[in-house]
Amino acid sequence: MRQHKILLTALLVLALVCAAGGCGTAPADEPAPSAPTAPADGGDAPTPADPATDTDAAPATLTAAYADDAALPAVYDTYSEGDHSVRALIATDRTVTDLRLVTLTVGDDGSGGLAYTTGEALYRADRLTPDRPLLWETSFAGDLPERAVVYTDADGSVHQLALTISGADGSLLLTEL
């Protein structure tokens, strides 16, 4: 029975990664976006949106990657849980607010699946910006995620992303709960 739960969990994580666009590759023949052009009436050309401050833009994308001392940016924030085995660099392409690193608990959803519940806030920050990522020193005690990132997007949507390790290549993933 335990092996079935582990297999189901692995399949669930794989399905979530694929649903988030993590499987496959983007088409190589996709045209590059065109530059803004001047309006026909001779007015000023539109200004491209600044992803760090644009509140009407697409939702933010947060990423997690192993932190390599040589590749760390010049400026970043740090949160350490003490004894750690993983140094994860959490970055965003757009400013997000009310950032929290939280504990996760797993339980049965009543239909044989898994249900995750966010718990204690380990770390809080008013915001996370593209020019100032967060170095999170944490650990993984088992196969199931025990930590998550919670944040509020520019449109007020709250997102919860579990910090996991890919079974395919060992990379760090943030998977929407």
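The rules behind these values
- Residues numbered from 1 in each chain as written.
- Predicted model: local features only at pLDDT ≥ 70, side-chain atom pairs only at ≥ 80, totals over all residues.
- Heavy atoms only, no water.
- Helix = DSSP H or I, 4+ residues; strand = E, 2+ residues; numbered from the N terminus.
- Buried < 20%, exposed > 50% of the residue type's maximum accessible area, 1.4 Å probe, protein only.
- Contact = heavy atoms within 4.5 Å.
- Phe/Tyr/Trp six-rings, centres within 6.5 Å; stacked < 30°, edge-to-face > 60°.
- Pairing = 2+ DSSP bridges.
- Axes fitted to C-alpha atoms, helices over the stretch in contact; angles between N-to-C directions.
- Salt bridge = Lys/Arg side-chain N within 4 Å of Asp/Glu carboxyl O.

For the chain, the helix and strand inventory stands at 1 helix and 9 strands. Listed by position from the N terminus, the elements making up the chain come as α-β-β-β-β-β-β-β-β-β. Every one of the 177 residues in the chain was classed for burial, and the buried ones make up 28%. Look at the contacts in the chain between residues 6 or more apart in sequence, and 65% of them connect residues 24 or more apart.

Right, let's talk about the environment of E146 for a bit. Mapped onto the fold, E146 is located in the loop between β6 (134-138) and β7 (147-152). In sequence terms E146 and T103 are 43 residues apart; their C-alpha atoms lie 5.7 Å from each other. Aside from chain neighbours lying at most four places away, what touches E146 is V102, T103, L104 and A141.

Evaluation of the coordinates by the stated rule reveals 1 aromatic pair. Summarising the aromatic geometry, the rings of Y79 and Y123 are spaced 5.4 Å apart at their centres and angled 40° between planes, so their arrangement reads as tilted. Here the residue Y79 occupies a position in strand β2 (residues 77-80), and Y123 occupies one in strand β5 (residues 114-128), the gap between them amounting to 44 residues. Y123 shares its class with Y79; the two are buried.

Quick look at the pairing of β5 now. The pairing of strand β4 (residues 96-108) with β5 spans 11 bridges and is antiparallel. Bridge pairing in β5 places L99 opposite A125. Counted along the chain from β4 to the antiparallel partner β5, the turn is 5 residues long, and its residue G110 has a positive phi close to 95°.

This paragraph deals with the pairing of strand β9 (residues 172-176). Among the 5 residues that make up β9, 4 are buried, leaving the element largely enclosed by the rest of the structure. The sheet contact formed by strand β8 (residues 158-165) and β9 spans 5 bridges and is antiparallel. Residue pairing in the sheet places L163 in a bridge with L174 of β9. Turn length for the β8-β9 hairpin, with the two strands adjacent in sequence and antiparallel, is 6 residues, and the turn residue G170 shows positive phi of about 80°.

Okay, the sheet that holds β5 next. The antiparallel open sheet is built from 5 strands, whose spatial order is β5-β4-β7-β8-β9. For this open sheet the edge positions go to β5 and β9, each flanked by a neighbour on one side alone. Each adjacent strand pair in this sheet contributes to an overall mean axis angle of 30°, direction not counted.

It is worth spelling out the sheet that holds strand β1 (residues 62-66) at this point. On the basis of which strands lie adjacent, the open sheet formed by 4 strands has the order β1-β3-β6-β2 and mixed pairing. The sheet is open, and its two edges are formed by β1 and β2, each paired on a single side. The sheet shows a mean angle of 25° between the axes of neighbouring strands, direction not considered. Sheet topology note: the β1/strand β3 (residues 86-92) ladder contains 5 bridges and is antiparallel. Within the sheet, the bridge partner assigned to A64 lies in β3 and is I90.

Counted by the stated rule, this structure contains 4 salt bridges. The salt bridge involving D77 is made with R132; its shortest N-O contact spans 2.8 Å. Taken together, the positions of D77 in strand β2 and R132 in the loop between β5 and β6 put the pair 55 residues apart, joining distant regions of the chain. Judged by its relative accessible area of 24%, D77 is partly exposed. We classify R132 as partly exposed; its relative accessible area is 36%.

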